[in-house]
Structure formats: C-alpha cells, structure tokens
Amino acid sequence: MEDGFNVALEPLVCRQPPLSSPRPRTLLCHDMMGGYLEDRFIQGSEVQNPYSFYHWQYIDIFVYFSHHTVTIPPVCWTNAAHRHGVCVLGTFITEWQEGGRLCEAFLAGDEPSFQAVADRLVQIAQFFRFDGWLINIENSLTPAAVRNTPLFLQYLTAQLHQQVPGGLVLWYDSVVQSGQLKWQDELNDQNRVFFDSCDGFFTNYNWREDHLQRMVAQAGERLADVYVGVDVFARSNVVGGRFDTDKSLELIRKHGFSAALFAPGWVYECLEKRDFFQNQDKFWRLLERFLSTHSICSLPFVTSFCLGLGTRRVCYGKEQAVGPWYHPSAQETQPLFGEHKLAGDSRGWVKTHCCLTDAWHGGSSLLLRGLIPPEVDSVAVRLFSLHIPVPPKVFLSMVYKFEGSTDVQVALELTTGDASSCHVGGMLVLNETGSRHSPRPLRVPPTRLARWASSCGQQLSGGWIQRCYEVNLHGCLLQDLLVSFSRPPGSREEENFICRLGEIQVVDASSLLAPLPRVQNVTISQIRWLPLITGSEGLPTRLLLSCTLHWSYLLLRARCFRIHCWKLTGSSSAAESPETEKPTFLGLAFANQYRVVDLAVEAAGFGQDGRVEFLVEPVPREGFPVPQAEWGKAVLLFSVPQ
C-alpha cells in the first residue's frame, strides 16, 4: 500500500464517442520485445530512440501484455492513455504446465478460492488506477476448473464494475468449454460461455471471412464486444498484417466487429529505427478510414505536443538539459497526424509531423509543412476533434514559429455545433453555415489574467511567438480546432511554409481566476549518503545523496510537478547566493513524491554546514508557469560526523 510511485496521476478523461456507445471499437495490445523495457523506469530514463505510441485518438482500449502471470501496466502508459481518454487493461495469463497447476489451485476448488483471486485483481486495478483485465488462460483445464471459470469471470466482472467505474474484463480465445486448449479464431458454441460471463471476447488471429460471417449471428446485439484479433507481425496464416493491416480492418469493419491490434510495435522492432516516426505515421494513415476519431470533451485543454521523449529538455523556450530522455508519463495530448489536401483541383496541402529538433516546452513540437497555391488564399488543417459545451468566455493561446523568413500568416480557427442556438462574439465567421470561426487576437490581455497571458503577442525565448485569443460564446459546442495559413495580402505567388507549434491552450476564463493550491508539507526521508571523491585526509570531498521527497497537493489541479534543487555550502540560503542564478532541474514527478538518486553534492568542511534545498514546482492543468515564490521547499542541512 506504500507503492504510491506506481499509482497513475491521470484520471480517465471523458471523450466522445464513449466506450459504451454501440459502435465498433479499436483495442491496441502492446507486446514490445518481451515487455518492461525502458517503460519500467517510472521517473524516466536516458534512452536513445525509444518506442513511442501517439495515435491515441483512434484507440478505445490499451492492453499492456506480457508473459508474467499478473502484468500491472507501467504507470507511464496509464498516465499517457488516460490523458487521451483511453482505458487501460492489465493481463492475467497462465501458460504451460505451471499455468495448469496454478489454475487447478484456484479454479478447481470451492467458490472462496477463485473469488479471492478475483478480489485481488480488482484491488490491484483500483489501487494503481487502471481499468481492468485481459484474462488469458493458455493451458488446458480440468473439468472442475473449467466448470468454475465462467463463475470466476462473472464474479470478477461484477466486482470490477462496482469498484472501478468503466472497468472492463475481456476473455482471450484459447480454452473451450470442455477444458481443452484449442484456439477457435472465432466466437462459437465452444467458447460462448466465457463471452457471456464478461465484457468482451478477443479472438485468436488465424481467422478468415467465413469466421466473421458465422460470428455475426453468435454475437447478436453484442457485435462490438467481439474484438477480432489482428497480429501486426503477420505470423502464421492470417489476413493482412504489417503495412497490409488495413485489409484485416476492412473485413472486420465490414461485419461490424471491433478490432484488437496485437503488437503494433512491429514498426519499431522490425524496421529501421531512424525511420520510426515516418513508418508509424504510415501504418496508422493506412488504417485511418476504418477508425473512429475521438473527441476531447473537457477544459482546460493544454498541450505542448511533447511525446514524452527528446534529445534535450526545454522549459518555456529555454534549454534546461542536453541529452536523450524518455518519460512516457510526460507525453502531452497528441493531435491528428497526417496530410490534409484541399478539395477539388487545388494543389494546396498541409502535413503534420512530430518534431524532435525543436521544442517550446518538453522535448518536441509539432511540425506543419504546407503549400498555398496561387488560386486560393489559405489552407487549414484540423488538429483536434472536440466535443466541449463551451463556458461563456474562453481564452485560447498558440505558441509558434516559422522556419526561415516568410510573410505567411498563421491563425487558430474553431468550428461550433448547435449553430441555431449558438451566439458568438469576438470572432470572424469564415463560412456560409456560420459554424467555422476565426478568433480575433487579444491586443492587451486583461490584467487580472496576467499570470496566464503575460506574454501574449510577444517574441519569446528561442524565437517563439505567443498569440492569445478571447472568445465569447453562448449555447455553443466546440467541435474542431484548426490551424490555418494564409498568404500575405496582395500576393498571388505560390507560398511554401514550415511552421512549428509549441503549445496550444483552450481554457475556461473563470478557472484562471481561481486561486491555485500551494505545495505544502515538503518532507525528506529515506536519506542515504555515499562518498564520491575522497580528499588527502581521508575525508570525502564530494558525496552522493539519495532521498525521497513527499509533499501535499491537490493532485486533480496538477499536470505534474517539476523538481529542482540548490546545492550550497555554509549557512547561506538560495536567496543569498547571487552567483547561483537558477536552481538545478532534477526531474518530473507524477505523484506527491519523488526519489532523488545519487545527487552529487560538495561535502561540508569541519565546523561548517552543507545545505541542499529541494524545490517542488506545481504545473497547473491550465498550463501557466507558477512563480518560484509559490513553490514548495524543504531544506536538508548536513555536517561532518564528529
């Protein structure tokens, strides 16, 4: 119960359409090179070219799969998925002879035995804040064990629904009702009893279209609860796979089923690492026409487009650290990737890509390349699908910069639903139906919102520019967030452009007026010292310090926490040390605690105190920087043992 480091910070955010809607869904089953590689480092790691998944808008369910009996999804994956509204399942798997013995031990006995296992699985999901389980029995079962298996599934599903809102239990197509291990590649009378006992059925991969045709009658009204398995590696006798996975999806959707994409890490494991982002975008672009695009449903909506990795760390345009890093919990909400072409004969287009070479905040930005042909005035690309009932006043912000000199203009655009009752103020109407609008930039932000909008319209660090907008709406539903690029007035030349987006914010104005909670009660525990360099008298001159920081803060108000330190000697405090301009950045925390590991500090001399100050900077969900005077602080004094 003390394992708070592995508890997900991010609640499962609302999005449309919800998982419960009667439509085909998309499940992604993550099986990466055996699992638990760099993602086991919960405070991040230094990794060159790690795997990253960022096409979350198309996904409904994320399963973290491995061959451990109980696989708890790494907290970084739960944080990233929940931030995008995707529910996360762990895996309960038994295999081979050892799995058979385990199943016999808990399934072949009496009711309290299998209920005890189910209760623990529910408690694990509840405590670590993920959403349920894929149950995968890959060994034969005795008659007594298989007789209890539907009862085990029913009890687990009922308890999970009660304790974990929106919880799911899925069954993998392996054992049949006789207890024999015999994959069916379909839902049929041999395995239907398991489907009837839980939330869904994940088929094996060697199906053909006649399997799908037979399943339509078997599934009845629960078509969407059948997840037809697709092995992206295309092993054995399968339809599609690899860059032909769209052939699998086309057949699955033709018959109205959900899809379960297994091991989409194929693009990383089997193809050139240097081309990973291009290959991943290509893979999902081929599937896009068979996938639902999900919509963001709540404010504040803030993203810096950070993938949770990079070759350096940047904080509001200022470089903070150089070197590779990987921290999937730090992945921000990702946009729709791909290419938008103008309708008709026009040659205009805009493409979106991940960009690791520059960032405003984090490790990456969004690169937009495009062309405005002579026959049109502008091109636009939809970055986010929204479904947000809008408060009366909304503030928007965009941080961007162009590559090279250009006269092309960039602007945010919105589309609104409920046009008949929607009243819009402060925006230009861009189309005849009145649903697409261009907000007017704020010239002078309101003084009461200075902490959020202090840099509006200004040139920022690193050559970035921030543009802010105020939108007055009544009875409206925000539906899309677009970025448009327009040619300079009077020009009829073909215009090429390369633009980077560093951040987008959409914030309820009233939330910016609410006071922020303070970081309180910062404590230091589990302290360990190790000598690093020893001087001529046998005393260490440098030490390695490890310790754990804890603090109090209302987690629902924070995106994360940034941890810093001052390392000082003597009795001076940070405020009295003009030679030290800024504290050292240590890392990010996605809980109310952080483990400092092997921090090098100068040893204290005789009769002198050493001093380390730790600073905890909250990062609000509204996305503005908090002044250092409002950070939490704890001081550690140390001296030479007598």
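The model shown is predicted, which means the values in this text are computed figures rather than measured ones.

(A) A look at the UniProt feature "domain: BRCT" (unreviewed entry) in the protein. With numbering matched to this structure, UniProt assigns "domain: BRCT" (unreviewed entry) to residues 190-284. Annotated as residues 190-284, this span is 40% helix and 15% strand, and its ends, taken at the C-alpha atoms, are 34 Å apart.

(B) Geometry of the pattern of salt bridges. Going through the model one piece at a time under the given rule, you end up with 27 salt bridges. A salt bridge links Arg621 to Glu10; the nearest nitrogen and oxygen atoms lie 3.4 Å apart. On the criterion of sequence distance, the pair formed by Arg621 in the loop between β32 (610-620) and β33 (632-638) and Glu10 in the segment before β1 (15-16) is long-range, its members being 611 residues apart. A relative accessible area of 19% means that Arg621 is categorised as buried. Given a relative accessible area of 4%, Glu10 falls into the buried group. Here Lys247 ties to Asp244 by a salt bridge, and the two come within 3.9 Å at their closest N and O atoms. Three or more residues are tied together by salt bridges with common partners; here these are Arg312, Glu319, Asp358 and Lys401.

(C) Inspection of the packing of helix α2 (residues 96-107) against helix α3 (residues 111-128) at higher detail. For the pair α2 and α3, interaxial distance at closest approach is 7 Å and the crossing angle is 115°. Regarding the angle of α2 to α3, the classification is roughly perpendicular. When α2 is examined against α3, the residues Ala105, Phe106 and Leu107 are found in contact with a partner set consisting of Ser113, Phe114 and Val117. The residue inventory of the contact of α2 with α3, partitioned by class, reads five nonpolar, one polar and no charged.

(D) Quick look at the environment of His68. Considering the arrangement of structural elements, one finds His68 in the loop between β3 (61-64) and β4 (70-71). Residue His68 is classed as partly exposed on the basis of its relative accessible area, which comes to 47%. Expressed as a C-alpha distance, the spacing of His68 and Gly34, which sit 34 residues apart in the sequence, is 9.8 Å. Apart from the residues lying within four places of it in its own chain, the contact partners of His68 are Tyr36 and Ile93.

(E) Region of interest: the packing of aromatic side chains. A complete count under the given rule lists 36 aromatic pairs for this structure. A ring pair is formed by Tyr51 and Trp77, whose centres lie 6.4 Å apart and whose planes are at 35°; its orientation type is tilted. Taken together, the residues Tyr51 in the loop between β2 (26-30) and β3 and Trp77 in helix α1 (residues 75-83) connect sequence positions 26 residues apart. Under the relative-accessibility criterion, Trp77 is labelled buried at 4%. With centroids separated by 5.4 Å and ring planes inclined at 75°, the aromatic side chains of Phe106 and Phe152 adopt a geometry described as edge-to-face. A residue pair is termed long-range when its members are at least 10 positions apart, and Phe106 in helix α2 and Phe152 in helix α4 (residues 143-163) qualify at 46 residues. The structure contains a cluster of three or more aromatic residues connected by ring pairs, namely Tyr51, Phe53, Tyr54, Trp56, Phe62, Trp77, Tyr268, Phe276, Phe277, Phe283, Trp284 and Phe337. Sitting over the ring of Tyr268, Lys273 keeps its end group 4.6 Å from the ring centre. Sitting over the face of the ring of Trp349, Lys351 holds its NZ or CZ atom 5.2 Å from the ring centroid.

Scoring rules and cut-offs
- Residues numbered from 1 in each chain as written.
- Predicted model: local features only at pLDDT ≥ 70, side-chain atom pairs only at ≥ 80, totals over all residues.
- Heavy atoms only, no water.
- UniProt positions renumbered as here; feature names shortened; annotations may be inferred.
- Helix = DSSP H or I, 4+ residues; strand = E, 2+ residues; numbered from the N terminus.
- Salt bridge = Lys/Arg side-chain N within 4 Å of Asp/Glu carboxyl O.
- Buried < 20%, exposed > 50% of the residue type's maximum accessible area, 1.4 Å probe, protein only.
- Axes fitted to C-alpha atoms, helices over the stretch in contact; angles between N-to-C directions.
- Parallel < 35°, antiparallel > 145°, perpendicular 65-115°, else oblique.
- Contact = heavy atoms within 4.5 Å.
- Nonpolar A, V, L, I, M, F, W, Y, C, P; charged D, E, K, R; others polar.
- Phe/Tyr/Trp six-rings, centres within 6.5 Å; stacked < 30°, edge-to-face > 60°.
- Lys NZ or Arg CZ within 6 Å of the ring centre and 35° of its normal.

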